[in-house]
Amino acid sequence: MKKTTRIFAVDADNTIAVFTSVEKPPPKGRAARFTNPKQLAALAAHWPSGRLVEIWNNLPGVRKLAKFTNRQTGVRRIWRAIEQLEPHVGAHAATGGDKTSSRGKPASPSEQPVVARTDTKAARVIALLKLPAGATLNAIMALTGWQSHSVRGFITAHVRKKMNYRVQSFKRGGERVYRIHT
């Protein structure tokens, strides 16, 4: 029995298609082709770093990113994601946007959107921040048991950057207050 090789192709729209050596891949002029992580890294060396992010964001079941730490991290993460893809007849492009897996089946629970839990400290802090009056630094510290630098880090990294909320920070009566701006 002959072993089939998986061929990956990245087109101009930054979508990745998966083929087997027995299928007819797209013409060479339309897409960059590779079969292993070294070939992908060689291709990516000539791409702008933003292209790696676009390729990643077009993959099914991945959390969207704004950037990678570096090119090698981007290539490694993309390879790990695409090596799980299976070639399938018909629509070869591995693009995100729908709730089906790469095999055309309904998405597994790990690929479906995550529903926020309401019983966590993070959820309780966000509920406080959404109040019209906001929440004082001391109130958040009392609720969570965190130190002030942990509260500030949480607000910056999780609330502002990860969740994309606009957070207002101001002083009221000499005390720091945070509020999610809606």
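Further up the page is the structure itself.
Now for a look at the structure at hand. (Residues numbered from 1 in each chain as written. Predicted model: local features only at pLDDT ≥ 70, side-chain atom pairs only at ≥ 80, totals over all residues. Heavy atoms only, no water.)

A closer look at unusual backbone geometry
Just so we agree on the cut-off: What counts as a helix is a DSSP run of H or I of at least four residues, what counts as a strand is a run of E of at least two, and both are numbered from the N terminus.
Of note, Asn 14 is a non-glycine position whose phi angle comes to about 65 degrees, a positive value. Structurally, the position occupied by Asn 14 is in the loop between strand S1 (6–11) and strand S2 (16–20). In the Ramachandran plot, Asn 164 falls in the positive-phi region, its phi being about 60 degrees despite a non-glycine side chain. Note on placement: Asn 164 falls in the loop between helix H6 (148–162) and strand S6 (166–172).

So, helix H3 (residues 71–82)
To keep things clear, this is the line we draw: One fewer than the residue count of a helix, multiplied by 1.5 Å, yields its expected span. Accessibility here uses a 1.4 Å probe with only protein chains present; expressed as a share of the type maximum, an area under 20% marks a residue as buried, one over 50% as exposed, and anything in between as partly exposed. Contacts are assigned to residue pairs that have any heavy atoms within 4.5 Å of one another. The term polar contact refers here to a pair of N or O atoms within 3.5 Å; inside protein, the definition further demands a hydrogen-donor-capable atom paired with an acceptor-capable atom, and it admits residues adjacent in sequence only when both atoms are side-chain atoms.
Its 12 residues place the ends of H3 16 Å apart at the C-alpha level, agreeing with the 16 Å of an ideal helix rising 1.5 Å per residue. Inspection of H3 places Thr 73, Gly 74, Val 75, Ile 78, Trp 79 and Ile 82 among the buried residues, and these make up the whole buried set. Buried-residue contacts for H3 involve S1, S2, strand S3 (31–34), helix H1 (37–44) and helix H2 (49–57). The N-terminus of H3 is capped by Asn 70, whose side-chain oxygen sits 3.2 Å from the backbone nitrogen of Gln 72.

Brief notes about the packing of helix H5 (residues 137–144) against H6
This is how it is decided: Structural elements are reduced to axes, namely lines fitted to C-alpha atoms, with helices fitted over the stretch in contact, and the angle between N-to-C directions of any two is expressed from 0 to 180 degrees. Here is the rule for angles: anything less than 35 degrees is roughly parallel, anything more than 145 is roughly antiparallel, 65 through 115 is roughly perpendicular, and the remaining ranges are oblique.
It is the contact of H5 with H6, at a shortest axis distance of 10 Å, that shows an interaxial angle of 100 degrees. Considered as vectors, H5 and H6 are oriented roughly perpendicular to each other. Between H5 and H6, the residues in contact are Leu 137, Ile 140 and Met 141 and Ser 148, Val 151, Arg 152 and Ile 155, respectively.

Description of the sheet that holds strand S5 (residues 135–136)
Each strand in a sheet pairs with another by means of backbone hydrogen bonds, the pair being arranged parallel or else antiparallel. Let me state the cut-off plainly: A pair of strands is considered paired only if DSSP assigns at least 2 bridges between the two.
The three strands lie next to each other as S5-S7-S6, forming an open sheet whose pairing is antiparallel. This sheet does not close on itself; its edge strands, each paired only once, are S5 and S6. Across two bridges, the pairing between S5 and strand S7 (residues 175–181) is antiparallel. Opposite Ala 135, over in S7, you have Tyr 178 as the bridge partner. Running at roughly 90 degrees to S7, helix H4 (residues 121–129) makes contact with S5 and S7 of the sheet. Where H6 meets the sheet, it contacts S6 and S7, and its direction lies at approximately 155 degrees from that of S6.

Treat this as a map of the structure, not an account of what it does.
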